[in-house]
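Examining the three-dimensional arrangement
Spelled out from the first residue to the last, the chains are:
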Amino acid sequence: MSNTKSSREVILTDVHTALAAYAASPLQPIPTSARFEPRKAANLDEEMEMMLLEVKRLGGRGLKVHGRDEFAVALDDLVKTERIRTAAFSDHPLYRPYGIASLLKGSGVQVLSPDGDGRRLADCDLGITAADAALPETGTVLLRTTQGQPDALSLLPRVHLALVAPEAFRADIHHAFAMAKKDRHFVLVSGSSRTADIEKVLTLGVHGPKSFHVWICD
Amino acid sequence: MTEKTARIDFRENSRNASPAVVAATQNSTRTALRKRAAVVAEFGEERWQELRKAGHEIRMHALTHLDRYLAMVEEKVTAAGGYVHWAKDAEEAREIVLGLATERSVRSIVKVKSMVSEEIDLNPALEARGIRAYETDLGEFIVQLAGQRPSHITSPALHMTKEEVAALFCEKLGIDACPIPEELTEHARLRLRPEFLNADMGISGGNFLIAETGTLLIVTNEGNGRLSTSLPPVHVAVVGIEKVIPDWESAAVLLKLLARSVSGSKITAYSTFITGVREGGPKEFHLVLLDNGRSRILADKVAREALLCIRCGACMNTCPVYNQVGGYAYGAVYQGPIGSMLTPLLLGTGLAGGLPFASTLCGACAELCPVMIPIPEILLHLRKRFVEGDTFESPSVPGILKAMAKLGRIVLGSPTLYHLGGRLGKIFQAPLRRGDWLPSLPPPLNRWTMARPFPAFQGGFRGWFKNRKAAVKQAEGKLHE
């Protein structure tokens, strides 16, 4: 684009001139008045309870799952209640001992690979992600985008299940950002996709998942 | 929006506002305000005020160092494999996007709701080149189908009832749609899913640009923002230069303010953070930085605070004027109090100078504004610019009104002329007087009586004051009779 360079110069010069009073000084540090004290965490049990409550308030379902056996039962139950026929999951080392693939197959579910850009997940019923952080105040999970956990995994399937380890809990969004800010791509997910564009009536399941499940696995 | 030359006539537009639109608007804004109040109360009023102050400081710091932070964004985005384009005005921005699309033989585009895209009139330009652009936000999808413009910056179809949406879907999509929001939403999901999967390009705006890492932050609730920026091979983001914020701490504060102010949620369903290109994502990322009059606003020390806006729409929801006339009366992309500032600032007071007067200056907007923009002060500043002119623009008021205002000042400033005026008024009003009122006055005074009657001249106040004791006695006497 031949004009790009000149437009850049024009805009930056215009901005510089407009800020005449400030532009002469070097970049000032961000004032302390522009900072806000993040929330402090309560003890882990309270944080977990808050997470489950907030997920519920978002219209999702939260669950505490202890050990592989409970996980197997919960997953089979989810498959039945949500009528899951196909599923894909993020192969996170933390959840490998659960043998998610074999549990799904055991429940009669076809397992798809989430690799790549995730287009093939358009017809998938269930996407299982591993949360990199959990924010109890808002019932939010942070998902870092990787080859094995593409953005589409928590977006195209009709049901989204996020697995959260106790270590993933963060008190506030500030702490979660400190962890993921150097990533090329990540998302904060709080509930299923929603809209209130028609008469402000809250409707779950627009372009993303229609239901949202969070399981705290320890 | 910059190419439009017609003057915005708020008075005429508001007369044409249909009662149905006004009723639907009030219904929606009431709900939004109620939810917002509940979630702010949960956060704690005192903490909320601290958060607003921090939000204001962050945005002021970013604006007053904008050139440095813009250069930082460019450096970081480029280092992460993205391309940065600079657009002085709407035409240049459109040409950049059209150039990118035609070079890649793009035929179909999915779009995320973006006010900047409306501001630069992108859709008609794409259509003219034979490129189909699908608005994917449900509200935008509805207004695009209806061939309308959004009537609210965060709820584009706020003025339509579910019955109207159902009728629209029946007509345009050829389906049998019931007026149930859940069903209508499902129809939109089914209609748009293939478009997401097959689009050649995704176009978004951006809520913030984080200078520290060159990260584009997009918040959506529906998931369309994520689909449009993940699946197509090319992602183009068109973002106003004022959207830059310094760092991630700032992003944390502003995210807390934004969701609560928009819809009364603690957080939006999805916040997406995109830094350049990544493996498995779109192959190309293009960031178009748009000026389109913003650097001119920045030079105005009073008006520049209008650029702090984070587009939450709370000022519109609470505005008594917006609630009486609906969004279309503002005749432009941005409506309500924020529109009354931004539209004359972007288009000039010659075209939109009437909008700052479309306010009672009650200040409800400034009380709610999450970044504490002094909206009434800026509106007064723009009214002054419209009437008297300043270093930025010459006055736009017709000569006759200015002459009458001057005459009024002379008459009101002199007791003799004032008394004479009162006496003459009493004589001249006789043919127009109906009881205690003057229902219509000759032009140009009829601008008042078109909206409401003028009270008839009743005589001098001093005379009434002098005789009031006698009048009271007479009245009391009558009571005792």
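Residues numbered from 1 in each chain as written. Chains lettered and ligands numbered in written order. Predicted model: local features only at pLDDT ≥ 70, side-chain atom pairs only at ≥ 80, totals over all residues.

1. Here we look at the overall build of chain A
Scanning chain A from N- to C-terminus turns up 6 helices and 11 strands. Against the globule reference of 17 Å for 218 residues, chain A gives a C-alpha radius of gyration of 22 Å, more extended than a compact globule. Projected onto its principal axes, the C-alpha positions of chain A cover 70 × 45 × 40 Å. With 218 residues in all, chain A has 48% of them scored as buried. (Helix = DSSP H or I, 4+ residues; strand = E, 2+ residues; numbered from the N terminus. Rg over C-alpha atoms; globule rule 2.2 N^0.38 Å. Buried ≥ 20, exposed ≤ 12 C-beta atoms within 10 Å, placed from the backbone.)

2. Section: the overall build of chain B
Across its full length, chain B carries 23 helices and 12 strands. Judged by the C-alpha coordinates and their principal axes, chain B covers about 95 × 55 × 50 Å. Counting only residues that meet the buried cut, chain B has 50% of its 481 residues in that class. A separation threshold of at least 6 residues defines the contact pool for chain B, and within that pool the share at least 24 residues apart is 72%. (Contact = placed C-beta atoms within 7 Å.)

3. Describing the interface of chain B and chain A
Across the boundary between the two partners, chain B contributes 79 residues, which contact 61 residues of chain A. A breakdown of the residues in the side of chain B that touches chain A according to their chemical character gives 33 nonpolar, 27 polar and 19 charged. Judged from the 5 bridges that link them, strand S8 (residues 185–189) of chain A and strand S9 (residues 270–274) of chain B form a sheet pairing that is antiparallel. Opposite A:Val189, over in S9(B), you have B:Tyr270 as the bridge partner. (Nonpolar A, V, L, I, M, F, W, Y, C, P; charged D, E, K, R; others polar. Pairing = 2+ DSSP bridges.)

4. A look at the nonpolar core
Core analysis: the biggest nonpolar cluster contains 190 residues, and A:Ala131, A:Val164 and B:Val288 have the highest contact counts within it. Sorting elements by how many residues they give to this core places helix H12 (residues 248–263) of chain B first, with 10 residues. If we ignore the near neighbours within four places in the chain, the residues touching A:Val164 are A:Ala131, A:Ala134, A:Val141, A:Val214, A:Trp215, A:Ile216 and A:Cys217. (Core = buried A, V, L, I, M, F, W, Y, C linked by C-beta atoms within 7 Å.)

5. So, the packing of helix H3 (residues 45–64) of chain B against H12(B)
Residue and element names in this part refer to chain B. Here H3 crosses H12 at 125°, and the two axes come no closer than 9 Å. Relative to H12, H3 is oriented oblique. Two packed elements cross with a definite hand, and for H3 against H12 that hand is left-handed. Of the residues in H12, those in contact with Leu51, Arg52, Ala54, Gly55 and Ile58 of H3 are Ser250, Val253, Leu254, Lys256 and Leu257. Across the contact of H3 with H12, the residue classes break down as 6 nonpolar, 2 polar and 2 charged. (Axes fitted to C-alpha atoms, helices over the stretch in contact; angles between N-to-C directions. Parallel < 35°, antiparallel > 145°, perpendicular 65-115°, else oblique. Left-handed = near helix turned anticlockwise from the far one by under 90°.)

6. Considering unusual backbone geometry
All names here are of chain B. Notably, asparagine 292 is not glycine yet its phi reads approximately 50°, a positive angle. Tracing the backbone through its elements, the reader meets asparagine 292 in the loop between strand S10 (284–290) and helix H13 (294–298). The class for asparagine 292 is buried, based on 22 C-beta atoms found within 10 Å. A positive phi is found at methionine 372, a non-glycine position, where the angle reads about 55°. Methionine 372 gets classed as partly exposed once you count the C-beta atoms within 10 Å, which come to 19.

7. Side note on the environment of B:Gly350
Following the sequence through the fold, B:Gly350 ends up in helix H17 (residues 349–352). Take B:Gly350: there are 14 C-beta atoms within 10 Å of it, and that puts it in the partly exposed class.

8. Some points on the pairing of S8(A)
Where a strand is regular, its side chains alternate between the two sheet faces. All names here are of chain A. S8 sits mainly inside the fold: 5 of its 5 residues count as buried. Neither face of S8 is left uncovered, since the one carrying His185, Val187 and Val189 and the one carrying Phe186 and Leu188 both have all their residues buried. Pairing analysis gives 4 bridges linking strand S6 (residues 140–144) to S8, with the strands arranged antiparallel. Directly across from valine 141, in S8, lies its bridge partner valine 189.

9. A look at the pairing of strand S11 (residues 211–217) of chain A
Residues and elements named next belong to chain A. Of all 7 residues in S11, 6 are buried; the element is thus mostly enclosed. Two elements, strand S1 (residues 61–65) and S11, share 5 bridges in a ladder whose sense is parallel. Pairing of glycine 62 across the sheet is with valine 214, part of S11. Pairing of strand S7 (residues 159–164) with S11 involves 6 bridges; the strand directions are parallel. Across the sheet, residue histidine 160 finds its bridge partner in S11, namely phenylalanine 212.

10. A word on the sheet that holds S6(A)
Spatially, the 7 strands line up as an open sheet ordered S5(A)-S6(A)-S8(A)-S9(B)-S6(B)-S5(B)-S8(B), and their pairing is mixed. If you trace the sheet from one side to the other, it starts and ends with strand S5 (133–135) of chain A together with strand S8 (244–245) of chain B, each paired once. Strand contacts of H12(B): strand S5 (208–210), strand S6 (215–220), S8 and S9 of chain B, with the helix running at about 160° to S5(B), the strand carrying the most contacts.

11. Observations concerning the domain arrangement of chain B
The domain architecture assigned to chain B consists of domain 1 (65–292) and domain 2 (399–480). Relative placement of domain 1 of chain B and domain 2 of chain B: their C-alpha centres are 56 Å apart. (Domains from an automatic or database assignment.)

12. As for the sheet that holds S1(A)
Residues and elements named next belong to chain A. Judged by pairing direction, the sheet is parallel, and its 6 strands sit side by side in the order S1-S11-S7-S4-S2-S3 without closing on themselves. The open sheet is flanked by S1 and strand S3 (110–112), the only strands paired with a single partner. Ignoring strand direction, the axes of neighbouring strands in this sheet form an average angle of 25°. In the packing of helix H3 (residues 44–57) onto the sheet, the strands contacted are S1 and S11, and the crossing angle to S1 comes to about 150°. Contacting S1, S7 and S11, helix H4 (residues 67–81) runs over the sheet at an angle of about 155° to S1.

13. A look at helix H6 (residues 173–180) of chain A
Along an α-helix, residues three or four positions apart point the same way, because every turn accommodates 3.6 residues. If you check which residues of H6(A) are buried, you get A:Ile173, A:Ala176 and A:Phe177. End-on, the buried residues of H6(A) take up no more than an arc of 100°, which puts them together on one face. On the buried face of H6(A), the contacting elements are S5 and S6 of chain A together with H12 of chain B. (Arc of directions from axis to C-beta.)

14. Some points on helix H10 (residues 181–198) of chain B
Residues and elements named next belong to chain B. Between its first and last C-alpha, H10 extends 26 Å over 18 residues, near the 26 Å set by a 1.5 Å rise per residue. Along its length, H10 shows its largest kink, about 30°, at leucine 192, and proline proline 194 lies within four residues downstream of that point. Buried within H10 we find Pro181, Leu184, Thr185, Ala188, Arg189, Leu192 and Phe196. (Expected span 1.5 Å × (residues − 1). Bend = angle between axes of the 7 residues up to and from the residue.)

15. Some points on the packing of helix H16 (residues 336–347) of chain B against helix H19 (residues 375–388) of chain B
All names here are of chain B. Their axes nearest at 10 Å, the elements H16 and H19 cross at an angle of 40°. One way to sum up the angle between H16 and H19 is to call them oblique. Note on packing geometry: the crossing formed by H16 with H19 is left-handed. Packed against H16, whose contacting residues are Pro337, Ser340, Met341 and Pro344, the element H19 presents Ile375, Ile378, Leu379 and Leu382 at the interface. Tallied by class, residues from the contact of H16 with H19 come to 7 nonpolar, 1 polar and no charged.

16. Some thoughts on the confidence of the model for chain B
Predicted confidence across chain B gives a mean pLDDT of 92, with 98% of residues reaching 70 or more. Across the interface, the model reports ipTM at 0.96; the global pTM reads 0.90. (pLDDT = per-residue confidence, 0-100.)

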